[in-house]
Amino acid sequence: MTSAHAAEQRGSALPQEAPVLPLDPHRPLALGRILGTLAAILVAGWLAYAVIVNPNIHWDVVVDHQFDDRVLHGLWVTIALTVLSMAIGVPIGVGVAVMQMSANPLLRWLAGAYTWFFRGTPVLVQLLFWFNLGLLFPRLEIGIPFGGPKLLSVEASSVITPFVAGLLGLAINEGAYMAQIVRAGILSVDHGQREAAESLGMSRRKVLTRIILPQAMRIIIPPTGNQFISMLKTTSLVSVIAGADLLTTVSRIYLGNFEVISMLLVASIWYLLLTTIASVGQHYIERRYSRGVHTPQRLSRRVRNNLTGNPAMGAHDA
């Protein structure tokens, strides 16, 4: 082997410096994206203009009735129905979800039957059923069953008012959906968490309330927020039983002044305002329970900053 050949072999054995690849983290503007954005703006602007200048919409009626006392009363009924229905439906959902995951087959069967029935029938049918409960049970009685003495007996019509019927229908129906949401959140927690807590001598109740549910909240909160927003709009169904909600109120008003579209716009503006407030609240609650978990957007920003060597990554990206 010649010296020149040996030197060539030694040179090839040395580590070669990796080539530097050009990295441009800024994506070029896509022509299709720009055209799509312009088209969306044009269509939205045209629709807004067509609605605003439409002579059949009396905006003065909309403004005059936006803060009408009757409308505000209906608004508060809608808010009360939403908050109370969720306040009742969420605990029902938690209880049913725990029953579905119980080792007791009877509890699992009862929980499955509950979710099957109330998810399988329309909420409108359930509202009508509760409103007409007096046809099935003219008197509501509490006492010893199977013909025993009665401790309390009242007329069903005096108890099942339109508001109570709406609350029962919405809350019990919501419990069936919340049960599936809570169950999915509980199943998302690693089983090792339960085993570790039980190895420390914690009871099943403490494991559920202190270990499982706090970790499951990150999964439970987003769909629960969506359910709350959906409930704001679902309360409009109680108008079929004269529930005195926002839609019922504006319906009674336009039956008197014949301003159907204008009054429906009044209701729509309030519904949009309520859902916007609820969406903002949901955003902050989700962010609180997602602390320490990087979203895909944050992760991509961190990767881009690390690749480009940008030291200006703020604390909000960490």
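Look up a bit, the structure's there.
These lines cover the structure that appears in this document, whether it is placed above or below. Fair warning: this is a prediction, and the values are worked out from it, not measured in the lab.

Quick word on the packing of aromatic side chains
Then comes step 1: In this structure the tally under the stated criterion is 4 aromatic pairs.
Then comes step 2: Geometrically, the ring pair formed by Phe67 and Trp270 is edge-to-face, given 5.6 Å between the ring centres and 90° between the ring planes. Taken as a pair, Phe67 in the loop between helix H3 (59-65) and helix H4 (69-100) and Trp270 in helix H13 (residues 260-289) lie far apart in primary sequence, 203 residues in all.
Then comes step 3: A relative accessible area of 59% means that Phe67 is categorised as exposed.
Then comes step 4: On the basis of relative accessibility, which here comes to 10%, the residue Trp270 falls in the buried class.
Then comes step 5: Following the ring pairs from residue to residue traces out a cluster consisting of Tyr114, Phe117 and Phe118.

Describing the layout of surface pockets
Empty space among the atoms becomes visible once a probe the size of a water molecule is rolled across them.
Then comes step 1: Of the voids in this model, the largest pocket is the one considered here, and its volume is about 320 Å³.
Then comes step 2: What lines the largest pocket is simply Val98, Met99, Met101, Ser102, Ala103, Leu107, Ile186, Arg194, Glu198, Arg204, Arg205 and Leu208.
Then comes step 3: Those elements that place two or more of their residues in the lining of the largest pocket are H4, helix H10 (191-199) and helix H11 (204-234).
Then comes step 4: Per element, the largest residue contribution to the lining of the largest pocket is 3 residues, and it comes from H11.
Then comes step 5: For the lining of the largest pocket, the per-class residue count stands at 7 nonpolar, 1 polar and 4 charged.

Comments concerning the environment of Ser230
Then comes step 1: Tracing the backbone shows Ser230 in helix H11.
Then comes step 2: In this structure, the C-alpha to C-alpha distance between Ser230 and Thr275, residues 45 residues apart in sequence, is 8.5 Å.

Points about the nonpolar core
Then comes step 1: Within the largest apolar cluster, 21 residues are counted, with the highest numbers of intra-cluster contacts made by Tyr114, Leu170 and Val238.
Then comes step 2: Residue assignment for this core shows that the elements contributing at least two residues are H4, helix H5 (105-120), helix H6 (123-131) and helix H9 (162-187).
Then comes step 3: Looking at this core element by element, the count peaks at 6 residues for H9.
Then comes step 4: The next biggest cluster of nonpolar side chains, apart from the first, holds 17 residues, and it includes Val250, Met263, Trp270 and Leu274.

Rules of the game
Residues numbered from 1 in each chain as written. Predicted model: local features only at pLDDT ≥ 70, side-chain atom pairs only at ≥ 80, totals over all residues. Heavy atoms only, no water. Phe/Tyr/Trp six-rings, centres within 6.5 Å; stacked < 30°, edge-to-face > 60°. Helix = DSSP H or I, 4+ residues; strand = E, 2+ residues; numbered from the N terminus. Buried < 20%, exposed > 50% of the residue type's maximum accessible area, 1.4 Å probe, protein only. 1 Å grid on protein atoms, 1.4 Å probe; cavity = no way out; pocket = protein on both sides within 12 Å on 5 of 7 lines; lining within 4 Å. Points joined across faces, edges and corners; volume = space filled by probe spheres on them. Nonpolar A, V, L, I, M, F, W, Y, C, P; charged D, E, K, R; others polar. Core = buried A, V, L, I, M, F, W, Y, C linked by side-chain atoms within 4.5 Å.

In short, the description is geometric, and any link to function would need to be established separately.
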